[in-house]
Amino acid sequence: MSLIAWYEAMGADEAIGDEPVDRFAPSKMRVQSPATPAITRANPAKSPATRADSTAVPASIEAAASLAELEALLAQFEGCALKRTAKSLCFARGSESARIMLIGEAPGRDEDLQGKPFVGRAGQLLDRMLAAIGLNEEHVYITNTIYWRPPGNRTPTAQEIEACAPFLARQIELLAPEVMVLLGGAAAKSILGTSEGIMRLRGKWKIYQGGGRDIPALATLHPAYLLRNPEHKRLAWRDLLMLKERLEDLTK
């Protein structure tokens, strides 16, 4: 059972055949003569040129008038391969009337099981960090650049990020936050369109342009990184104080 649990943790939690295969049994497959190689022809109904537009970004994405409508569209979207290996869609958690939007990289195992972003150890640390400056889930809205867990918690590919990007852009427009916090280098690079590392980006206010608005954006270290490198929590604390100061300025 421990091996099965390990497979599940690595993302191998879906059967791909109708019957189990004994890889140690003598092979019954025929070896085909090299003189008559098999030719695999593409099924026209499934070829990229004629495939249905279910893999494309829905044209109605801009027509989504609420976050609930956008989530429903995303649930029907088939353009990101991660959906086929993940258990759950992790759209968001927090308040839909929040002034603060936090964006991370991708869901992990705990998030995949619960269908919410930042609910594992990193999420628990994030909650404590926010509480330190007087914030909780009622004050923030949390999501990721990717809505489905990559197998084995690997880094999302550029294509996977690009597939989800139109939904995230619309999500930002609909929430219309006053401030954005970008958790980790991957989210910061994707949202800000830069190649700079997180250590250069963190602790500086940047501007995200979306929905006809300029939104202040602050990059900081990802809570998962802080769990591995607790000595850098002091840097994250400085960033949190910057966020607190900006929020105080907005209420004056």
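Look above for the structure.
Residues numbered from 1 in each chain as written. Predicted model: local features only at pLDDT ≥ 70, side-chain atom pairs only at ≥ 80, totals over all residues. Heavy atoms only, no water.

Chemist: Which residues make up the overall build of the protein chain, and what are the values?
Modeler: The helix and strand tally for the protein chain stands at nine helices and six strands. A burial count over the protein chain gives 38% of its 252 residues as buried. (Helix = DSSP H or I, 4+ residues; strand = E, 2+ residues; numbered from the N terminus. Buried < 20%, exposed > 50% of the residue type's maximum accessible area, 1.4 Å probe, protein only.)

Chemist: Now, about the packing of aromatic side chains: what can you tell me, with residues and values included?
Modeler: If you walk through the whole model with that rule in mind, you get three aromatic pairs. An angle of 50 degrees between the planes, with centres 4.9 Å apart, marks the rings of F77 and F167 as tilted. One end of the pair, F77, is in the loop between α2 (67-76) and β1 (93-94); the other, F167, is in helix α5 (residues 158-175), with 90 residues separating them in the sequence. Where Y147 meets W148, the ring centres are 6.4 Å apart and the plane angle is 80 degrees; that geometry is what we call edge-to-face. Both residues of the pair, Y147 and W148, belong to the buried class. Counting every residue linked through ring pairs, the aromatic cluster contains F91, Y147 and W148. (Phe/Tyr/Trp six-rings, centres within 6.5 Å; stacked < 30°, edge-to-face > 60°.)

Chemist: Pulling in residues and values, what's your account of the pairing of strand β5 (residues 205-210)?
Modeler: Examined bridge by bridge, β5 and strand β6 (residues 213-220) share six bridges and lie antiparallel to one another. For W205, the partnering residue across the bridge sits in β6 and is L218. (Pairing = 2+ DSSP bridges.)

Chemist: Just give me the short version of the nonpolar core, but keep the residues and values in it.
Modeler: Buried together is how nonpolar side chains tend to be arranged in soluble globular proteins. Counting residues in each nonpolar core, the largest one holds 58 residues, and the members touching the most others are L102, Y147, W148 and M180. For this core, the element with the most residues is α5, which contributes six residues. Not counting residues within four places of it along the chain, the set of residues in contact with L102 comprises L126, L130, V140, Y141, I142, T143, V181 and L183. (Core = buried A, V, L, I, M, F, W, Y, C linked by side-chain atoms within 4.5 Å. Contact = heavy atoms within 4.5 Å.)

Chemist: Any details on α2? Residues and values, ideally.
Modeler: For α2, the set of buried residues is L67, L70, L73 and L74. Seen from one end, α2 has its buried residues packed into an arc of 120 degrees, which puts them on one side. (Arc of directions from axis to C-beta.)

Chemist: I'd like to hear about the sheet that holds β1, residue by residue, with values.
Modeler: An order of β1-β3-β2-β4-β6-β5 is seen for the six strands of this open sheet, with the pairing classed as mixed. Of all strands in the sheet, those with a lone pairing partner are β1 and β5, marking the two edges. Across five bridges, strand β2 (residues 100-104) lies against strand β3 (residues 140-144) in parallel orientation. In the sheet register, G104 faces β3, and the bridge partner there is N144. This element, α5, spans β2, β3, β4 (179-183), β5 and β6 of the sheet and lies at about 165 degrees to β2. (Axes fitted to C-alpha atoms, helices over the stretch in contact; angles between N-to-C directions.)

Chemist: Residue-level account of the pattern of salt bridges, with values.
Modeler: Evaluation of the coordinates by the stated rule reveals eight salt bridges. Its salt-bridge partner being R202, residue D239 comes within 2.8 Å of it at the nearest N-O pair. Here D239, found in helix α9 (residues 233-250), pairs with R202, found in the loop between α7 (198-201) and β5; they are 37 residues apart in sequence, far enough to count as distant. Residue D239 is classed as buried on the basis of its relative accessible area, which comes to 2%. Take R202: its relative accessible area is 14%, and that puts it in the buried class. When salt bridges with common partners are traced through the structure, they connect R93, D127 and E137 into a single cluster. (Salt bridge = Lys/Arg side-chain N within 4 Å of Asp/Glu carboxyl O.)

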